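Chain by chain, the residues run as shown.
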Amino acid sequence: MATSDREPDDLTLHDLIEGPTQDLTSARAALAARATPPVEATQDLSALVPPRPVDHEVDGTSGDPRRRQLHDRPGGGPGGRRRVDLPRLPAAGALYRRALLGALPGMGGRRGRELPALELSVAGVTVDRAHLADYDRVCGFRLADRLPATYLHVLGFPLSLRLMTAADFPIPLTGVVHVANRITVARPVQVGESVDFRTYAENLRPHERGRQLDVVLVGSVGGEEVWRGVSTYLGKERAAGGGPRRDRGDRPAPPAFSAQWRVTPRVGTDYARVSGDHNPIHTSKLGARLFGFPGPIAHGMWSKARCLSALESRLPEAYTVDVAFKLPVPLPSTVAFGATSDGAGWDFGLHGARDGRPHLVGTVR
């Protein structure tokens, strides 16, 4: 993509590693000219460092000491969480830049051991029809005025991303593994409706490979909750966190396959564009290798959306779709989809077309 076509907040792995640097030559000369006595061989460069700006959107203030704006007066959320109302959805690209820079040695700082008692919210989020059409094309949905269940996750994702990139969030965003996702649709949401979102984290718990937590995103229209998503994330840690061990028994037999899909590397870049999830493990060979993958892998939420699009015409008005992400889908690869109905809903799965290894298993109820 040409530079002029990119969003100003977007950041590729190349930008992070090879991005513009500041020329300090003239600044050093100015500092030396002001120094009294003359600067010795060891000089204090602290004057070259600009003051660190306060991120008022994170702390819930506008910087106005009189606290006259709405988001200067955070209210109390349920569960004792402090609620902060943001004036707009954050820019996802800038948040990924923050997360990637925080992963560099000496840049990350100390993380909290507990979940922040914080709930972020934003009101009046509307749908761009061109963006929705682009999302539908990437994930296989029909063009319609009814929003796919997974699209609400994309619409509110920047708010959850803001929560997860806070300095005291206990699990760093870089390298985090999305292991499960549950979405509950109370009623269909139409393209012309504006949605209010709120997000918070809960249920921090040990895992045999580190720690897990749930990030909850709730969508409401006119004060009525119409959609709820719960994303479970695993933060791998060297010191095992304990917790229940996975059942390593025999794998359940996959449902009979009804379709095969060729998943190309473009799926990673296309879904990153429409979702705002620019994690380099999905879009860059180098980025994937930095985090322990031999090559790029598909977004888990693309896999879920693609499966849900195959069931689109058979979904009820209200339902819960629950998936567990198993093995990553390499880019490129060929996957097989299958689904069976028990009368009360659907069981479905996504497996490797050649070896039958599970990538995703899910239910609709």
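One can find the structure itself at the top, above this paragraph.
An account of the accompanying structure is given in this report. (Residues numbered from 1 in each chain as written. Predicted model: local features only at pLDDT ≥ 70, side-chain atom pairs only at ≥ 80, totals over all residues. Heavy atoms only, no water.)

Brief notes about the side chain of glutamine 212
Our working rule: Only runs of H or I of at least four residues qualify as helices and only runs of E of at least two qualify as strands under DSSP, and these elements are numbered from the N terminus. Any two residues whose heavy atoms approach within 4.5 Å are treated as being in contact.
Examined against the element boundaries, glutamine 212 turns out to sit in strand 5 (residues 210–221). Beyond its immediate chain neighbours, meaning those up to four positions away, glutamine 212 contacts Val179, Asn203, Leu204, Arg205, His207, Thr232, Tyr233 and Leu234.

Focus on the nonpolar core
What counts is decided by this rule: Only buried Ala, Val, Leu, Ile, Met, Phe, Trp, Tyr and Cys residues count toward a nonpolar core, and they belong to the same one when joined by side-chain atoms within 4.5 Å. For every residue, the accessible area obtained with a 1.4 Å probe (protein chains only) is divided by the maximum for its type, and the residue is called buried under 20%, exposed over 50%, and partly exposed between those limits.
With 68 residues, the main nonpolar core has Tyr135, Phe197, Tyr271 and Phe348 as its most contacted residues. If one sorts the elements of this core by residue count, helix 6 (residues 149–164) sits on top with 10 residues. In contact with phenylalanine 197, other than residues within four places in its own chain, are Leu120, Ser121, Val122, Val125, Leu152, Leu155, Gly156, Leu159, Leu217, Val218 and Gly219.

What about the side chain of aspartate 214?
The line we're drawing: The definition of a polar contact used here is a pair of N or O atoms within 3.5 Å, where within protein one atom must be able to donate a hydrogen and the other to accept one, and adjacent residues in sequence count solely through side-chain atom pairs.
Within the fold, aspartate 214 resides in strand 5. For aspartate 214, a relative accessible area of 8% gives the class buried. Looking at aspartate 214, its side chain comes within polar contact range of the side chain of threonine 232, at 2.7 Å. Setting aside residues no more than four positions away along its own chain, aspartate 214 makes contact with Tyr200, Ala201, Glu202, Asn203, Arg205, Val230, Ser231 and Thr232.

Points about the pattern of salt bridges
Our working rule: Each salt bridge in this description consists of a side-chain nitrogen of Lys or Arg and a carboxyl oxygen of Asp or Glu lying within 4 Å of one another.
Using the criterion set out here, one finds 17 salt bridges in the structure. Here glutamate 224 and arginine 187 are joined by a salt bridge, their closest N and O atoms 3.6 Å apart. Linking glutamate 224 in strand 6 (residues 224–236) with arginine 187 in the loop between strand 3 (177–185) and strand 4 (195–207), this pair joins segments that are 37 residues apart in sequence. Given a relative accessible area of 40%, glutamate 224 falls into the partly exposed group. Overall, the relative accessible area of 23% leaves arginine 187 in the partly exposed class. Note that arginine 365 and aspartate 342 form a salt bridge whose closest N and O atoms lie 3.3 Å from each other. In this pair, arginine 365 sits in the segment after strand 11 (358–364) while aspartate 342 sits in the loop between strand 9 (333–341) and strand 10 (346–352), placing the two residues 23 residues apart along the sequence. Ionic contacts of the salt-bridge type, sharing partners, join the residues Arg81, Arg83, Asp85, Glu119 and Arg198 into one network.

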